[in-house]
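Now for the letters of each chain:
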Amino acid sequence: MAGEIFSRGDRAHFLAMMRRQTNSAVHRRMNVLLLLDDGWAVGRICEALFIDEGTVREHRALYETHGRTGVERLAYQGGSGPLRRDQIVALEVFVDEKVPQTAREVCAFVARRFGVHYGPNALSKLLKRLGFVFKKPKSVPAKADAAVQRRFVEDILKPLMEAAGPAAPLYFVDATHPSYTGRPAHGWIRRGRTVELKSNHGRSRININGALLWPDRTVVHRQEELITSAAMIRLYDDLQTRHPHARRISVVVDNARYNRSRELRAWLEKPGCRIVPVYLPSYAPNLNLIERFWHFMKRKVLFNSAYAKFALFEQAFHDFFRRLDHHAAELRSILTDRFHYIGLSEHGISAA
């Protein structure tokens, strides 16, 4: 039954406008109001149009307050916004420095500083227009030194990478320790649905020691009970077996205790040993290419996945390595000689 909220003239006007090419936001308003005029309950409209009850009430209030003109006009069209340019600059500085967790925090700042009142939704749209996105900061070592990293790459790492080949193999070496538990990650989920990822205690894990060959991007790996000096020696023996004719095999490693132990140093000094360690600067996991590989592996095997038994969890990693050729194109795009230097103060969050 029509006639719940419209006069006959307004109903005819909106029906005619619905058949024209109007702005989608205006079109949705008219659709809501016509359904209300037909006597539809608010809940039924929400289900049909996938909107909330507050939106329905807002559209009705807009019509009752401002009539046809209010429904057809978008408040943000043709205006420059309530903040001046200097205030926008101050807002950008605040967001850059503080990394606020909610739009409401930014609303409070704008109201306190400029006496201008935004709603969270409008403020979120403003932040997007200014080039901000909602994401997490990246956790990095607190003592990283960008200048030291840059010198290491330019003076040592890049020359090694340029000279790498069958006669001078270069490996990036490190271990990883995936825990037996679900790891939630961002993904596409139907609106209104909650997806539960079953987790375990996380105390069980596997230890994988690996070496990534540059520029081939092939990986040598071993599963170990623990990563120790003896485990490193077993991995290095594997590398020497793979390159019987190479006179020197360079391995880029971090400064973990087992990489500098007395036992390992004695093994490296033995006659005929061809492994030459190249130690990364302290707090520089970003310069070890195999770290990118480990992250890729966890994304493929762990993220948004749950395994009912530890044996299935372990088998998933075996399957990943067995089918590694399937990921060749993706790995080639992320395992490159372009490095990011962490520790630049202008990229970080100031200490409180």
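Computed from a predicted model, the values in this text were never measured in an experiment.

A.B. asks: What am I meant to see in the overall build of the protein chain here?
C.D. replies: Each helix and strand in the protein chain was counted, giving 13 helices and five strands. What you see for the protein chain is a C-alpha radius of gyration of 30 Å, clearly larger than the 20 Å of a compact globule of 352 residues, by over 25%. With respect to the three principal axes, the spread of C-alpha positions in the protein chain is 100 × 50 × 35 Å. Evaluated residue by residue, the protein chain yields a buried proportion of 38% over its 352 residues. Surface accessibility of the protein chain: about 22400 Å² in total, with carbon and sulfur atoms responsible for 50%. In the protein chain, 55 positive and 36 negative side-chain charges are present, and the distance between their average locations comes to 1 Å.

A.B. asks: Just to check I follow, could you spell out the pairing of strand β1 (residues 170–176) for this structure?
C.D. replies: Residues in a regular strand project their side chains so that they alternate between the two faces of the sheet. Within β1, seven of the seven residues are buried, which leaves the element mostly enclosed by the surrounding structure. Residues L170, F172, D174 and T176 of β1 are buried on one face, and the alternating residues Y171, V173 and A175, pointing to the opposite face, are buried as well. Alignment of β1 against strand β2 (residues 207–214), held across seven bridges, turns out to be antiparallel. Bridge assignment links A175 to a residue of β2, and that residue is N209. Strand direction decides the pairing type here: β1 and strand β4 (residues 249–253), joined by three bridges, are parallel. When the bridges of β4 are listed, Y171 appears paired with V251.

A.B. asks: Is there a simple way to think about the sheet that holds strand β3 (residues 219–224) in this case?
C.D. replies: Strand order in the open sheet made by the five strands is β3-β2-β1-β4-β5, with mixed pairing throughout. Of all strands in the sheet, those bounded by a partner on one side alone are β3 and β5 (275–279). Direction aside, the axes of adjacent strands within the sheet are offset by 25° on average. Both β2 and β3 contribute to a ladder of six bridges, which runs antiparallel. Bridge pairing links A211 to V220 in β3.

Basis of the calculations
Residues numbered from 1 in each chain as written. Predicted model: local features only at pLDDT ≥ 70, side-chain atom pairs only at ≥ 80, totals over all residues. Heavy atoms only, no water. Helix = DSSP H or I, 4+ residues; strand = E, 2+ residues; numbered from the N terminus. Rg over C-alpha atoms; globule rule 2.2 N^0.38 Å. Buried < 20%, exposed > 50% of the residue type's maximum accessible area, 1.4 Å probe, protein only. Areas by Shrake-Rupley, 256 points an atom, 1.4 Å probe, with all protein chains shown as cover. Lys, Arg positive; Asp, Glu negative; His and termini not counted. Charge placed at Lys NZ, Arg CZ, Asp CG, Glu CD. Pairing = 2+ DSSP bridges. Axes fitted to C-alpha atoms, helices over the stretch in contact; angles between N-to-C directions.

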